[in-house]
Amino acid sequence: MMRTYLERNDEKFAIQLGNFASKIDLYRADFGLTAAETSAILEDANFFQWCVNNLKKVDTYKRNWSSFKKILRKGEPNVTTNTFPDVPVLDAPPTAVAPGISFRFTTLVNRIKAHQNYTTAIGQNLGIEMSVVAKVDLDNAKPILKIASRGGKVEIDWKKLGFNGIIIEKDSGSGFQVLDKDFRPNFTDNSPLPAVGESAVWKYRAMYLYDDSQVGTWSDIVTISVAG
């Protein structure tokens, strides 16, 4: 077991930073902070949250474009049309900040924790108290996938269980090939469905990712029939 307060996952760090930034001004006088310092951490939080939110849109566009390219080159059973993916519309950016958000955050947290007015209750409210993180089993890790069709798309449900994400492979009829990586359950396959009146069988498998490396073993293969 190890103890840490800093969230490693980007989405969780964005939430942690946002919580801290939204409350730190309440303790400005207690820790001798300036208005400029509390405003700066709020700008960091807003800009990082914007980055995380739009990354999902960019990743989806990349996944759709890769699927478009693959079908364009090799074709796919029962697929007769191949439309351009929609270009993502990004949210309006807040005030841009310099690189090094995590360093600025931890520097400020260390300064606050060293102050005589710091208490565990304040730390819990700010989301900077230590939490226990269990070590994951890297050798025997095996994702459990559940598959369903929702809203005309195939969706794969999975659980993180302390890992960073999963890499997903798909077999559309010509063997397994890398489809995408997913770091935030659940995953939606935006590949084009077969042509109207046609059907196909899609198979999926996944492996956990930890620090950007594949660990453990492949999941059991899940299968679904799709139709245009």
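Caption draft 1: Representation of the pairing of strand β3 (residues 146-150) within the structure. Where β3 lies against strand β4 (residues 153-157), 5 bridges are found, and the strand directions are antiparallel. Bridging across to β4, A148 finds its partner in E155. Hairpin geometry of β3 and β4 is characterised by an intervening segment of 2 residues between the two adjacent antiparallel strands and by a positive phi of about 60 degrees at G151.

Caption draft 2: Layout of unusual backbone geometry. P185 connects to N186 through a cis peptide bond whose omega is 5 degrees. Positionally, N186 belongs in the loop between β6 (176-182) and β7 (187-189).

Caption draft 3: Structural detail: the pattern of salt bridges. According to the stated counting rule, one finds 11 salt bridges in the structure shown. For K56, the salt bridge identified is with D182, shortest N-O distance 3.3 Å. Note that K56 is positioned in helix α3 (residues 35-74) and D182 in strand β6, a separation of 126 residues in sequence. When its relative accessible area of 2% is taken as the criterion, D182 is described as buried.

Caption draft 4: How the structure looks around helix α1 (residues 10-23). The end-to-end C-alpha distance of α1, which contains 14 residues, comes to 20 Å, matching closely the 20 Å that a straight helix rising 1.5 Å per residue would cover. Within the sequence span of α1, burial applies to F13, A14, Q16, L17, F20 and A21. Viewed along the axis of α1, the buried residues span an arc of 165 degrees, placing them on a single side of the element. Facing away from the buried side of α1 by over 90 degrees, the exposed positions are I15 and S22. Summarising the contacts, the buried residues of α1 are in contact with α3, α4 (101-113) and α5 (120-126).

Caption draft 5: Representation of the packing of α1 against α4 in the model. Put simply, α1 and α4 touch, their axes get as near as 12 Å, and they point 45 degrees apart. Between α1 and α4, the interaxial angle falls into the category oblique. The chirality of how α1 crosses α4 is left-handed. Judged by residue contacts, F13, Q16, L17 and F20 of α1 engage I101, S102, F105, L108, V109 and I112 from α4. When grouped by side-chain class, the residues that make up the contact of α1 with α4 number 8 nonpolar, 2 polar and no charged.

Caption draft 6: Molecular detail of the layout of surface pockets. Computed from the structure, the second largest pocket encloses a volume of approximately 460 Å³. What lines the second largest pocket is a set of 19 residues, among which R63, S66, S67, V178 and L179 lie closest to the centre. Elements with a contribution of two residues or more to the lining of the second largest pocket: α3 and β6. Ranked by residues supplied to the lining of the second largest pocket, first place goes to α3 with 9 residues. Its residues assigned to classes, the lining of the second largest pocket comprises 3 nonpolar, 5 polar and 11 charged.

Basis of the calculations
- Residues numbered from 1 in each chain as written.
- Predicted model: local features only at pLDDT ≥ 70, side-chain atom pairs only at ≥ 80, totals over all residues.
- Heavy atoms only, no water.
- Pairing = 2+ DSSP bridges.
- Helix = DSSP H or I, 4+ residues; strand = E, 2+ residues; numbered from the N terminus.
- Salt bridge = Lys/Arg side-chain N within 4 Å of Asp/Glu carboxyl O.
- Buried < 20%, exposed > 50% of the residue type's maximum accessible area, 1.4 Å probe, protein only.
- Expected span 1.5 Å × (residues − 1).
- Arc of directions from axis to C-beta.
- Contact = heavy atoms within 4.5 Å.
- Axes fitted to C-alpha atoms, helices over the stretch in contact; angles between N-to-C directions.
- Parallel < 35°, antiparallel > 145°, perpendicular 65-115°, else oblique.
- Left-handed = near helix turned anticlockwise from the far one by under 90°.
- Nonpolar A, V, L, I, M, F, W, Y, C, P; charged D, E, K, R; others polar.
- 1 Å grid on protein atoms, 1.4 Å probe; cavity = no way out; pocket = protein on both sides within 12 Å on 5 of 7 lines; lining within 4 Å.
- Points joined across faces, edges and corners; volume = space filled by probe spheres on them.

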